[in-house]
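Structural overview
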Amino acid sequence: MNRRQMSSLETVVFVFVSFLSGSYCKCPDYVFVQEENYERNFSAITTVGARPLGFMKGTWYYNQDQPNPCTTVSGADKRKLEIMAEAIPAARLCVSLNGVQKTCSDPGTGRLYQCVPGTGNDNVEFTGTTGAEADIQFWYRLTLGSESDNEDTWCSGRDTEQFPTSLKSLPANYPLNTGTDVSHNASAPKGLSLILSVLFLATICNLTVL
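Sequence order as written defines the numbering, with residues in each chain counted from 1. Totals for whole chains, interfaces and linings use every residue, but because this is a predicted model, local features are given only for residues with pLDDT of at least 70 and side-chain atom pairs only at 80 or more, for both listing and counting. The side-chain figures draw on all heavy atoms in the structure; neither hydrogens nor water molecules are used.

**Here's the deal with the overall build of the protein**
The line we're drawing: Secondary structure follows DSSP: runs of H or I at least 4 residues long count as helices, runs of E at least 2 residues long count as strands, and numbering of each begins at the N terminus. Burial classification: accessible surface area is computed with a 1.4 Å probe over protein chains only, and a residue below 20% of its type maximum counts as buried, one above 50% as exposed, and the rest as partly exposed. Here, Shrake-Rupley sampling with a 1.4 Å probe gives the accessible areas, and only protein chains in the shown set may cover a residue.
When you go through the protein residue by residue, the secondary structure sums to two helices and eight strands. Helices (α) and strands (β) of the protein occur, in sequence order from the N terminus, as α-β-β-β-β-β-β-β-β-α. Buried residues in the protein amount to 30% of all 210 residues. Element-wise, carbon and sulfur atoms account for 55% of the exposed surface of the protein, whose accessible area totals about 14300 Å².

Structure below.
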């Protein structure tokens, strides 16, 4: 193979690698769901296509040759970017914004919340920690703040407790432990009636004797 052929081959390889890095390896654009269109029924993490409360499903793969799950948000300039995630089951999950780690989830709940200024085109990436020993499945949701947040209060007014597992409710007719002893309370009126009856009879007897 002569030098000219080598040069042509190098050009083809360069174009191919550039295509991969620009298309295949690029983080996909995040797909927003308007709040009025949120699914408000509980969905398991294994449910295909589910978007409970607007959350999407992601997976971080442990000890595998897989890229970290990531997504890109456009139009976040001068707006707040809210990042929420919940690992199922609970695990330590971290999020980075534009290559800088921001926060990690609570290992007890698997939940994380972050509300930060956007920069315009933001890259959000999720990773497990060095102590992770298994894949991590998680729900995540991104929300852009108001464009007219002149007083910088949008983040403080957000609900930070609404996660997909928040939609899980107890089945109908599930017995609830209210902390009260029903049988004891039911017997109380009977005991009181007995005491009143005795006092009433005693009063009558005293009046009769007199």
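Next, the rest of the story.
**Here we look at the confidence of the model for the protein**
Under the convention used in this document: pLDDT gives the predictor's per-residue confidence on a scale running from 0 to 100. In this description, contact between two residues means that some pair of their heavy atoms is separated by no more than 4.5 Å.
On average, residues of the protein score 78 in pLDDT, and 69% of them reach the 70 mark or higher. Within the protein, the element-level pLDDT minimum falls on helix 1 (residues 3–24), averaging 41, and the maximum on strand 8 (residues 136–144), averaging 97. Note on residues 5–24: pLDDT under 50 across the span, and five contacts to partners over four residues away in sequence or across chains. Predicted confidence is poor over residues 178–190, with pLDDT under 50, and the contacts of this stretch with residues over four places away or in other chains come to one contact.

**Structural notes on the nonpolar core**
Burial of nonpolar side chains together is a common tendency in soluble globular proteins. Selection rule: Buried Ala, Val, Leu, Ile, Met, Phe, Trp, Tyr and Cys residues that are joined via side-chain atoms within 4.5 Å together make up what is termed a nonpolar core.
L81, I83, V124 and F126 are the most contacted members of the largest nonpolar core, which totals 22 residues. When contributions to this core are tallied by element, the ones reaching two or more residues are strand 3 (80–88), strand 4 (93–97), strand 6 (111–117), strand 7 (121–128) and strand 8. Looking at this core, the element that brings in the most residues is strand 8, giving five residues. The contacts of F126, once residues within four sequence positions are left out, are W60, N68, P69, I83, A85, L93, C94, V95, F138 and Y140. Listed in part, the nine residues of the second largest apolar core include I45, A50, M84 and L167.

**Overview of the state of the cysteines**
We count it as follows: The disulfide criterion is simple: two cysteine sulfur atoms within 2.5 Å.
Under the criterion given, the structure shown has three disulfides. Covalent S-S linkage joins C27 and C70, the inter-sulfur distance amounting to 1.9 Å. Here C27 and C70 share a disulfide; its torsion about the S-S bond, -100 degrees, makes the bridge left-handed. Of this pair, C27 sits in the loop between helix 1 and strand 1 (56–60) while C70 sits in strand 2 (residues 70–74), and the two are 43 residues apart along the sequence. Using a relative accessible area of 12% as the deciding quantity, one classes C27 as buried.

**Comments concerning the packing of aromatic side chains**
Quick reminder of the rule: Stacked, edge-to-face and tilted are the three classes for Phe, Tyr and Trp ring pairs, Trp counted by its six-membered ring, which pair at centre distances within 6.5 Å; planes under 30 degrees apart are stacked, over 60 edge-to-face, the rest tilted.
Applying the stated criterion to the full structure yields six aromatic pairs. Measuring from ring centre to ring centre gives 5.7 Å for F138 and Y140, while their planes differ by 45 degrees; the resulting arrangement is tilted. Taken individually, F138 and Y140 each receive the classification buried, so the pair is uniform in this respect.

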